[in-house]
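Analysis of the macromolecular model
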Amino acid sequence: MKTFDAIIVGGGIIGGSLAFELATRKLSVLIIDRQVPGQEASWAAAGMLAPEPESADDIHVLPLARMSLASYPRFVEAIEDASGLAAQFRSDGTLRLYFGVDGESERDRAAACHRDAGLSTESVSIAQAREIEPSIATSATAFAWLPYECSIDPRALTHAVLTAAERKGVELRHGTAVDQVLTSNGRCDGVVAGGETSRSRHVVIAAGCFSAGVDRMSRYAPTCPVRGQIVALQPSQNAPKCVLRGHNGYVVPRNDGRVIAGSTSENAGFEKQVTAEGIEQILRAATELAPSLSSAVIVDTWSGLRPDTPDHLPILGPTDIEGLWIATGHYRNGILLAPGTARVMREWIVDGQPSLALEKFSPLRFAAEHRKAAR
Ligand code: GLY
């Protein structure tokens, strides 16, 4: 039987980033993943680092989102140094396109809301927008420039994070599902996975949409999957150089010349098919943003399962069992929120307190509902 300071259940971008962060503070860490780490939502994500609040729920996430985005350049530098791998970070900004008769008023409302939230979104004319990005649709009726937004290749990043974590001494155990989270006398002190017991002072559940399926964890982490499909395009001409986003979708340029177009939001359980309807919807949105993409070659398609929660907010922090922590439910923002989540969880676990107020994200907010349902 092996003993660690922390066991992290789930080796995606959240679990990997936290493992790296804890290992840099000299904690011994084991990541346990039910399959090959980093192959679920982190692998499927488009990689927009976009704190733009799109719904009332997003307002609650904004402080963490802004802190996480601000820490991205240093996070990437630390990961690239430790791993020797490139994470493909780009700080090209995002052009937001609005369509229809209400486009201008919608844009003005959004830009004012962003500025109130401390984001330096600018309303721009069509001439200014075309100067920033010549590939855009002239059928759009209003434009906003979000110069602070960035993007990253989530597969490159997650691979680099896991490599960096391993080089810092983190042990990775894959192809092993957690059978039991060990608790006694109100304390969690390890897990049983693949018939093997591992002990630790801290156990962190970071298994994305699979968290609810880990032994008795649904009371703290009632996650559910929301499918998002993606189309990878190889344009031959006039490819967008920055992220373009509209009401119906987005396109994200990659360093290798591909453009990643997304996405759908579907309740399809744990099914990861790519459908004709999904692809049609994505291509319609992508060519609405950048008409020249209609001649691009489709080079790949895939889908992933976003970890959603009943109130669409992340689940972060301690439970009512000492030593048992949750870090999951990042829904559409796992890549953006990874460095910030790793930092606040490390502060909580190592120093006893996070530097941001995170009560809204408490794993205990679902416990009363869970007790009612169990009666
Ligand atoms: N973060 C983009 C998406 O969830 O589609």
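Use the structure listed above.
The notes below deal with the structure included here. (Residues numbered from 1 in each chain as written. Predicted model: local features only at pLDDT ≥ 70, side-chain atom pairs only at ≥ 80, totals over all residues. Heavy atoms only, no water.)

Remarks on the pattern of salt bridges
Two side chains of opposite charge can pair, provided their charged atoms sit close to one another. Going through the model one piece at a time under the given rule, you end up with 22 salt bridges. Of the charged contacts, one joins R199 and D189 as a salt bridge, the two residues approaching to 3.0 Å between their closest N and O atoms. Placement of the pair is R199 in strand 11 (residues 196-205) and D189 in strand 10 (residues 187-193), with a sequence separation of ten residues. Here R199 falls in the partly exposed class, since its relative accessible area comes to 28%. Its relative accessible area of 24% is what places D189 among the partly exposed residues. One salt bridge connects D256 with R258, and the closest N-O pair in it is separated by 2.9 Å. D256 gets classed as partly exposed once you look at its relative accessible area, which sits at 49%. A cluster of three or more residues bridged by salt bridges with shared partners is formed by K2, E171, R173 and E196. (Salt bridge = Lys/Arg side-chain N within 4 Å of Asp/Glu carboxyl O. Helix = DSSP H or I, 4+ residues; strand = E, 2+ residues; numbered from the N terminus. Buried < 20%, exposed > 50% of the residue type's maximum accessible area, 1.4 Å probe, protein only.)

Structural notes on the layout of surface pockets
Quantified by volume, the second largest pocket comes out at close to 370 Å³. As for the second largest pocket, its lining consists of 14 residues, of which E21, S71, R74, F75 and A78 are closest to the centre. (1 Å grid on protein atoms, 1.4 Å probe; cavity = no way out; pocket = protein on both sides within 12 Å on 5 of 7 lines; lining within 4 Å. Points joined across faces, edges and corners; volume = space filled by probe spheres on them.)

What about the packing of aromatic side chains?
This structure, assessed with the given rule, holds five aromatic pairs. Members of the aromatic cluster, each reached through a chain of ring pairs, are Y72, F75 and F89. In this structure, R155 packs its charged tip against the face of W43, placed 3.8 Å from the ring centre. One Lys or Arg, R155, reaches over the ring of W302 and ends 4.1 Å from the middle of that ring. (Phe/Tyr/Trp six-rings, centres within 6.5 Å; stacked < 30°, edge-to-face > 60°. Lys NZ or Arg CZ within 6 Å of the ring centre and 35° of its normal.)

Description of the pairing of strand 6 (residues 142-146)
Of all five residues that make up strand 6, five are buried, and the element is covered over most of its length. Across five bridges, strand 4 (residues 94-98) lies against strand 6 in antiparallel orientation. Residue L97 lies in a different strand from strand 6, and its bridge partner there is F143. Summarising the sheet, strand 5 (residues 122-124) and strand 6 pair through three bridges and their orientation is antiparallel. Within strand 6, the residue paired with E122 across the bridge is W145. (Pairing = 2+ DSSP bridges.)

Structural notes on the environment of Y148
Relative to the assigned elements, Y148 resides in the loop between strand 6 and strand 7 (150-151). Overall, the relative accessible area of 16% leaves Y148 in the buried class. With near-sequence residues (within four places) excluded, Y148 lies in contact with P51, L69, H114, L119, S120 and T121. At 2.7 Å, the side chain of Y148 forms a polar contact with the side chain of T121. (Contact = heavy atoms within 4.5 Å. Polar contact = N/O pair within 3.5 Å; in protein donor to acceptor, adjacent residues only side chain to side chain.)

Some words on the sheet that holds strand 15 (residues 259-262)
In spatial order, the strands read 5-6-4-13-14-15-12-16; together these eight strands make up an open sheet with mixed pairing. The outermost strands of the open sheet, each flanked by one partner alone, are strand 5 and strand 16 (297-308). Recorded for the sheet is a direction-independent mean angle of 25° between the axes of neighbouring strands. In terms of strand pairing, strand 12 (residues 224-234) meets strand 15 through four bridges, oriented antiparallel. Across the sheet, the residue bridging to I230 is G262, located in strand 15. Together, strand 4, strand 12, strand 13 (243-246), strand 14 (249-253), strand 15 and strand 16 form the strand contacts of helix 7 (residues 276-289), whose direction differs from that of strand 12 by roughly 55°. (Axes fitted to C-alpha atoms, helices over the stretch in contact; angles between N-to-C directions.)

Regarding the nonpolar core
I8 and L157 are the most contacted members of the largest nonpolar core, which totals 58 residues. Contributing elements (two or more residues each) for this core: strand 1 (2-9), helix 1 (13-24), strand 2 (29-32), helix 3 (56-83), strand 6, helix 6 (154-167), strand 18 (324-328) and helix 8 (334-351). Apart from residues lying up to four places away in sequence, I8 is in contact with G15, L18, A19, L22, V29, L30, I31, I32, V204 and A206. Residues I32, V178, I315 and I326 belong to the second largest nonpolar core, which totals 25 residues. (Core = buried A, V, L, I, M, F, W, Y, C linked by side-chain atoms within 4.5 Å.)

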